[in-house]
Structures are given as structure tokens and as C-alpha cells.
Amino acid sequence: MKPFSELLDRLLYAPARTSKLALLEDYFRTVPDPDRGFGLAAIAGTLSLRVAKSGVIRELVAERTDPELFHWSYDFVGDLAETAALMWPEHQADRDWPHLSEVVVAMDELPRGQLTKQIAAWLDTLDATGRWALLKLATGSLRVGASAGLARAALARYGKVEPALVEEAWHATAPPYLDLFAWLDGRMPRPEIAHAPVFRPLMLAYPLDDEQAQRLDLAEYSAEWKWDGIRVQVVAVRGQVRLYSRTGDDVGPAFPEVVERVRFEGVLDGELLVARGGEVASFNDLQQRLNRKAVTPAMLQDYPALVRLYDILFDGEEDLRGLPFLERRERLEAFVARERPEGMDLSPLIPDSGLDELDRMRRSAREGGTVEGLMLKRKDSLYVPGRPKGLWWKWKRDAHLVDCVLMYAQRGHGKRSSFYSDYTFGAWQDGPDGEELVPVGKAYAGYTDEELKLLDRWIRDHTIERFGPVRAVEPRLVFEVAFDSIHPSSRHKSGVAMRFPRIARIRWDKPAAEADRLATLIDLMA
Amino acid sequence: MHPERWVQVRPEGLYVVPGDFYVDPVRPVDRAVVTHGHSDHCRGGHGAMLATEATLAIAAARLGEGMAPSRQAAAYGEMVRIGEVDVTLYPAGHVLGSAQVLMEHQGGRIVVSGDYKRRADPTCTGFEPVPCDVFVTEATFGLPVFRHPPIEEELRRLLHSIELFPERCHVVGAYTLGKAQRLIVELRRAGWDRPIYVHGALAAMNELYRGFGIELGELRPATAGVKGEPRRELEGAIVIAPPSAIADRWARRLPDPVICQASGWMRVKQRAKQGGIELPLVISDHADWDELLQTLDEVGAPRVWITHGREEALQYAARKRGFGAEALRLVGYDEEGS
């Protein structure tokens, strides 16, 4: 439990991905089985423990601490589990750390009444960081800024193998991942994945700019629409069906109707969309279905899912990834004709066209929000995991541009940690006291290192208030902000949310009063 | 006479009527008794100052020789009469030269502890409980969530991190007076014998500590580097700098720094996160909660006056233990470097 709690503690503070990878790799190297596998599962979110409610913490705290002192402490610390962990009475002499595996097994097996007692007994033997980690684990809220994807990347580094190999093997094993580590340690072959519904790492595309487009030999490429949904991989092996997102997370539970309708065997690549009567709806509609734990019948009715297929990796157990794109396309069309998969259709190919014609089509992909631009795939491209150079391109429609005013700046992370590099900007609206700015988005990218330095200096010179790492600045600097699309959002004060905002230009010259109004942004919504 | 009758809280600080002097005044006064050299307790412009020799040296180094025209050094345990009050300084264990002030008048005994800690610190004399009628205590970490782990444990985490990130530089924010030198000496004890790099703001206090016989090993300036170019020799090194310097432009010239901070506040995760700290080290020169209560028990004064910090919780806990406890609500002492 001690190495695990120290790992969580450090992950919580580590700003850079590379640091997190190094911390995880060290953990895998120094902690024995099965603890490291359980630690991995806890971080990757694959440890399905019965979690205790926060009421259990309150119960324990009430037994062991003074309510008045707890009240002041909680008020100061602001987090229940952390407060309890910090103020728990301590007897350093009795330190006898339980193993993480003991904790995990006991949490799974003990009846609830006994579990609370057991948690108290563990708390007596841990230090503050250990108690914090235990309470976070027990209440199922680790939140230390590490994901399953990050954990798998660290595994690949640890075992010095290709990330794609770990991605595949990952889905064939389960906590505490003994066979996975045995393979990475070179003691055993890779876990058997032939008959498991595993994720196959995706082939990704490079963004194409206009200049690169001029140089492409278009005869070598096949064009199709770039749909504005989420990329999914449908895997059906021996009656087991999975719906994987592009990062290899199983999103099947959020889209049960897609999973239930699968009758075929194979692995397909496509775009998950919301469509009503064959008519594709905007990304915003799809958003209603994402990140939901419970799926209501009303949601299934109002936001029906469709998978629009554009590639095939396996037909039954036959691996097609070694075939060129056009041959796979033929196989995909034959597959769809044969299986007639319900709730799925084919993404049509665009007939070969000249650059001007394609460019016109790309630009015509306006709001309405179902198409983001074009995909150009080399006709002879094999299905290669990762982002191989020059095989697939995404050629997006032009971004929207608006002028916004810098409102807040925050210090960045890693190499940028001493610069103010994260910017919140706003647009004008009518307020009770005349024109006021309302925040409409946040950008971390789009400027050069040289510009970053200038911005940093400007921010330090124009700060009007400081809140921790954030500075409020005088509303004087205008950014030309580019973004892909804009959608209504109830989570933002402005009522709008941008997709992929970035800073196109810094308008040192432009008076802030001439920046855009919120109404202009709302007009850009579909 | 009852202590409340001869000690008063005034805007300048704690005033001792029969001696006509202040303890740690926050404004210039005629006569001051100063517990230790931190700038919130030791300010310039007084007519006369009584303190330990080390505190006077620290004050002179920080404030210039003109900080008080009349200076008197007192050794620990040496009684000095000021007006109608007998004043004796006892070690407080906070930083080099730090003292508690025992004041005796007409049979009454008050101890003003200043800032203090109970852990062993190789750079200063350890705290000594002094029996008295009224014990005036700080409450910087006056909440039960504050419990400082052993310093060896915190340094083990620092050294492990250096092993883990050998190409990065670990820059530790530590208060210029006391914390920085204690950290250096404790690092030496933990076996770190490589040069330690220090920010320019630390140089004067390091020299002063050396002058008082405290070995710091090889120190090198961390500030002298080619502009804009990170110094390669700092890879894998420990740099110590004032807390204000670690998150700012100064730190940019260090090679991919791991920002660390040595402070009792690092116990609270949100505090550390807000400060952009990547490796918080819970190392404090103050008593933690358990030690505050332990000290009240050991000193055994029936009455406890609480100066600065989180006084409500300590007052509550002291009363539950049977002490008459009051918060004095003195203003002007900050929490920096705690």
C-alpha cells in the first residue's frame, strides 16, 4: 500500500505526461506481483470494487475525532477524505502497512459492516498519504490525472515493446494482470488474444493543409467525407461484442442498442453518430449520449445511434489489415451486403475528383455539423496502427475566426510552468452596467515560443487580480481565435462551447472594444 | 501582580508595562525584546533591542547595522533586568538564535514563546519548557490536520525523486533564514555530499550560519548562468531558493525543474497544487498540532494566550484540557516560511 499511495500522491502533482510515465514505470519496476497489477487496475479504472459512500468516512471520523476540531479542519482542507486522512489519530509505532492486494481482496469479500471496521483498522496502520490513498480507493474517487491510456503507455515503456502490442494484449487480460507483466518481463509469450474481443489499435490520419494538398498526387488517394462523430471500433468475437473508442475504452455500455444488434463476427472501423430516419444529427446531439452512466429509454428514442462504417480489420477471424485500402473496401462492401448489420451503414466513397472540386466540397462542409471535411486515404495503404506518415490525411473545413478579449491567464505545465500560457478569453454582451465580457473559451495553443514570452510579459504587466496560479488581466488584449465549431452548452456561463479553440493571431493592434459580441458567436451555431 | 495587569496588546505589539518594552513589535518602538530574526518578528527602527547574539547578527545582516542604535545580547538562561522586569531568554528551537522570553515581575511569570518547534534541528538549540503562570504560544499549525512527518522521510522522497528524474533539476523552495540551512545540514546527514546550489538571496544567511560554526558543505551559486541557457551541471542537482523564486522566471533557466517546496503547509494537497508544486515536502520549523498540545502539557501554565495562526481550534483544545486559553489576536505576523 505504501508504494501505491506514494505513486498516487506524486501523480496528483506531476504536471507533465513524461513525468507521469516515469513514475508509473518506476512503480511497475519496483513493486512485486500482484500488487503492481492491482495498482495498475486502480489507475486504469478497471478495478471494479464495491465502493463505500462518503458516509462511511463521516462515520469513522465521528468515532475517532472531535466534531468541533473536525469541523474547523474540514473547513480549512476542503476535501472530506483528505481531512479524515490528515487528522486521523496516529500511532507511528504500530506501522504495519497492508499490501494493496490484501486491501482489494478484502474490500471485495467483507460484508459491509465488517468492511467499515477493517478500514478503520487499516487507517490505524498507515501514514497520512496511505490513509488518503485508502480512502480515495474505498470511495472510488482516485482522480489523480492518470488514465488507462497513460497506464498502457507506461507499460509499453516498462516492457520496451510497441504501444500497439500492449493495447491489444491489454484487453485479453484482467486485474491483477499477472500474464501481462509476465510477458513484459519476458517470462511468457504475449497473452492470447485470438479469441478475445480485444481492441486493435487504430490507424490515424495527419491533418492536411492547403499547401500540402497542392503537392498530393490525388490519383493515389481515395476521398470520403469526414463525419463529425466519434471514431469507434466494433469488435465481435465468438458472441462477445465490444464498442471501443479511439483510445481503446469500451463505450458499449453507453450505446447498448449498437451492441445488442450485432450478429456478425469481425472487427469494423467507423464513426458513431446520432441519426434519425437516416438523417445524421449534429455532434451536439451525440454529446447527449456520451459519458452517461445510465441510458434511459427516452435517450434511445431521441438520440438513436448509427455506426457509419469505413473500414474492416477482420472478417470473422480473417485478418484483413495486410490488404491495401481498396481491397479492404471491397471486402467491407461485401461484408455489409452479406451481413446487413442493423443500425450500421456504409460511408460512401467520393468519386475521384480534381483538387479544386475536392476543395470546394471540403469548404461546403458547413455547419449543420455532420461533416467536418474530407478524408484522403492512399488506395494502397495497409491498415497500420498509429499515425504512419503520408498514408491517411484529414482535410478539415476552414475554422471559424472570431476576435475575443483576454480575461484570465494561468500558468502552464512542464516546460511552460513558469509562463502564463493558458488563456481564457471572452466576448462582449450587454450587462447591467453597460458592455461586459463573458468568458467563451480557453486556449492553450496556437502561439509561438516567442509570442508566449511576449504574452507572459504583457500579462504580468497588466494583472489586476491574482487567484492562486490564475491572473485576471485588464480587458485590453484581443486574440483572433480559431475553432472548428460551436455548440450550445448549459455548463458554460456564456451558453456556448467551442470545439478545438486555438489562438490564430494576437491582435496587438486591435482595440478591445472592437472585439466580437457573444451574439455573433451564437449566430455561428447550427 | 496578575499578568493581565502588566502585559497589554497594543497596535505595536505585546507591551510589557513595568519594563516599558515590547516583545517582537511590528512597528518601531523605543525598546524591543526580539525572539528571532524572521522579518515579521524582527523589524528595524527600534531605539534599543535585546536578543540573543545570533538574532542580533541576523538582524544586522538583514536590516543593516543601523537597525537599532542600542543593542544588547543575552545568552540563553542569563537574566537581564529591564525596568522592573527580569527577562531571561530560553531556546525555542525555531531557527538559529531563536528564543522564548521569560518575564518575571512581582512573583508572576510569563513566557512568550515566539515561534517554536519541538523536533531536533542540528542548526539551533532545542526548545526548553519553562514553567510559568502564563504561556504565550503561536498557533501557526493549530489544526489537527497538521502533523509533520519525520524529516528523514521527506528527504527520502526527495532523494528518490532525484534517482527517478536524473536529467532534471530539483529546486526546493525554502525560507532564506533557517529552513534553507536546516535543509542543507539534514541533506548532508542523509548522505548528499554533492555540491548544493543556492539562490543568491540565501548567500548572506548561509555565511552567517557558517560563522556560528554550522557546517554546510560545498555550496555553489545557482544564479550565475548564461542567459537563456539552462546549465547542464544542474541536471540531477539540488537547488535551494526562496519560495518566491521557484515558480517564477528565475526557475526557467534551470534544466526542466521539479518544483519542490519545504513547508508545513505542503501537508494540504490543495495548497501544494495551487502553488504549482510538483513535489511537496512537509518540513516545518513550527510545532505541529500534537506538539502544540504536548508543549502546553509540559509547560503546565494554567493560562495560555494564543498569538497568531489558527487560534480558535487551539483555544478550544486547550480549554478541553483544562487550561484557561485566550486568543490575543495580535496582528502583523505572517505565515511565510512556515
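Residues numbered from 1 in each chain as written. Chains lettered and ligands numbered in written order. Predicted model: local features only at pLDDT ≥ 70, side-chain atom pairs only at ≥ 80, totals over all residues.

## Structural notes on the overall build of chain B
So the rule is basically this: Only DSSP runs of H or I reaching four residues or more are called helices, and only runs of E reaching two or more are called strands; each is numbered from the N terminus. For every residue, the other C-beta atoms within 10 Å of its own C-beta are counted; 20 or more classify it as buried, 12 or fewer as exposed, and values in between as partly exposed. C-beta atoms are placed from the backbone. Remark: residues whose backbone-derived C-beta atoms lie within 7 Å of one another are considered to be in contact.
Scanning chain B for helices and strands turns up nine helices and 19 strands. If you line up chain B on its principal axes, its C-alpha atoms span 65 × 45 × 30 Å. Within the span of chain B, comprising 338 residues, buried residues form 52% of the whole. Across chain B, contacts joining residues at least 24 apart in sequence account for 58% of those joining residues at least 6 apart.

## Here we look at the interface of chain A and chain B
Filter applied, for reference: All residues other than Ala, Val, Leu, Ile, Met, Phe, Trp, Tyr, Cys, Pro, Asp, Glu, Lys and Arg, Gly among them, are scored as polar; the first ten of these are nonpolar and the last four charged.
In this complex, chain A contributes 26 residues to the contact, which on the side of chain B involves 30 residues. Secondary structure elements with two or more residues in the side of chain A that touches chain B: helix H1 (2-13), helix H2 (17-30), helix H5 (67-77) and helix H6 (80-87) of chain A. Of all the elements, H5 of chain A adds the most residues to the side of chain A that touches chain B, at six residues. Per-class residue counts for the side of chain A that touches chain B are 13 nonpolar, six polar and seven charged.

## Comments concerning the sheet that holds strand S9 (residues 99-105) of chain B
All names here are of chain B. Note the following rule: Two strands form a pair only when DSSP identifies at least two bridges running between them. Here an axis means a line fitted to C-alpha atoms, over the contact stretch when the element is a helix, while the angle between two N-to-C directions is reported on a 0 to 180 degree scale.
Judged by pairing direction, the sheet is mixed, and its seven strands sit side by side in the order S7-S8-S9-S10-S11-S18-S19 without closing on themselves. Looking at the sheet topology across the chains shown, the edges are occupied by strand S7 (79-82) and strand S19 (324-327). Within this sheet the neighbouring strands show an average axis-to-axis angle of 25°, counted without direction. Pairing between strand S11 (residues 134-139) and strand S18 (residues 303-309): five bridges, direction parallel. The residue bridging threonine 137 from the neighbouring strand is isoleucine 306, located in S18.

## Thoughts on helix H3 (residues 151-164) of chain B
Residue and element names in this part refer to chain B. Going by this rule: To estimate the expected span of a helix, subtract one from its residue number and multiply by 1.5 Å. Our arc is simply the arc of the directions from the helix axis toward the C-beta atoms.
With 14 residues, H3 should reach 20 Å at 1.5 Å per residue; the first-to-last C-alpha distance of 20 Å fits that figure. For H3, the set of buried residues is Ile151, Glu154, Leu155, Leu158 and Ser161. Along the axis of H3, the buried positions cluster into a sector of 115°, meaning they face one direction only. For H3, the exposed residues lying more than 90 degrees away from the buried face are Glu152, Arg156 and Glu163. The inward-facing, buried residues of H3 abut strand S12 (170-173), helix H4 (179-189), strand S16 (258-262) and strand S17 (279-281).

## Quick word on the sheet that holds strand S1 (residues 7-10) of chain B
Residues and elements named next belong to chain B. Here six strands make up an open sheet; going across it, the order is S1-S2-S3-S4-S5-S6 and the pairing mixed. Where the open sheet ends on each side, the last strands, each with one partner, are S1 and strand S6 (70-73). For this sheet, the mean angle separating the axes of adjacent strands, direction not counted, is 25°. By the bridge criterion, four bridges tie strand S5 (residues 48-51) to S6 in an arrangement that is parallel. Across the sheet, residue alanine 48 finds its bridge partner in S6, namely serine 70.

## A closer look at the environment of serine 70 of chain B
Residue and element names in this part refer to chain B. Take serine 70: it is sitting in strand S6. Serine 70 sits in the exposed class, given 11 other C-beta atoms within 10 Å. In this structure, the C-alpha to C-alpha distance between serine 70 and alanine 48, residues 22 residues apart in sequence, is 4.5 Å. Contacts of serine 70, omitting those with residues within four sequence positions, involve Gly47 and Ala48.

## Concerning the domain arrangement of chain B
Residue and element names in this part refer to chain B. Short version of the rule: Residue ranges assigned to the domains are those given by an automatic or database domain assignment.
Looking at the assigned domains, one finds that chain B contains domain 1 (3-145 + 286-327) and domain 2 (151-281). Taking only C-alpha atoms, the centre of domain 1 and the centre of domain 2 are 30 Å apart. Contacts between the two partners involve 15 residues from domain 1 and, on the opposite side, 13 residues from domain 2. Considered class by class, the residues forming the side of domain 1 that touches domain 2 number nine nonpolar, five polar and one charged.

## Remarks on helix H11 (residues 163-170) of chain A
Looking at H11 of chain A, one finds that the buried residues are Val166, Glu167, Glu168, Ala169 and Trp170 of chain A. Along its buried surface, H11 of chain A packs onto helix H10 (148-159) and helix H12 (178-184) of chain A.

## Looking at the pairing of S16 of chain B
Residues and elements named next belong to chain B. Defined as follows: The handedness of a crossover follows from its direction of travel: if, with the strands pointing away from the viewer, the path from the first strand over the helix to the second runs clockwise, the crossover is right-handed.
When you tally the buried positions in S16, you get five out of five residues, the bulk of the element. Neither face of S16 is exposed, since Val258, Cys260 and Ala262 on one face and Ile259 and Gln261 on the opposite face are all buried. Here S12 pairs with S16 via four bridges, running parallel. For glycine 173, the partnering residue across the bridge sits in S16 and is glutamine 261. Relative to S17, S16 runs parallel, the two being bridged by three bridges. Paired with alanine 262 across the bridge in S17 is leucine 281. Handedness of the β-α-β unit built from S16, helix H7 (residues 269-274) and S17 comes out right-handed.

## Structural notes on the environment of isoleucine 459 of chain A
Residues and elements named next belong to chain A. Looking at the secondary structure, you find isoleucine 459 in helix H19 (residues 449-461). A residue is classified by how many C-beta atoms lie within 10 Å of it, and isoleucine 459, with 23 of them, is buried. C-alpha of isoleucine 459 to C-alpha of valine 104: the two residues are 355 residues apart in sequence and 48 Å apart in space. Once residues lying within four places of it in the same chain are set aside, the contact partners of isoleucine 459 are Ala409, Tyr420, Arg471 and Val473.

## A word on unusual backbone geometry
Proline 34 of chain A follows aspartate 33 of chain A through a cis peptide bond whose omega is -5°. We note that arginine 340 of chain A has phi near 45°; this positive angle belongs to a residue other than glycine. When you line up the elements, arginine 340 of chain A lands in the loop between helix H17 (325-339) and strand S9 (344-346). Using a count of 10 C-beta atoms within 10 Å as the deciding quantity, one classes arginine 340 of chain A as exposed. Despite not being glycine, aspartate 20 of chain B has its phi angle at roughly 50°, a positive value. Take aspartate 20 of chain B: it is sitting in the loop between strand S2 (13-16) and strand S3 (21-23).

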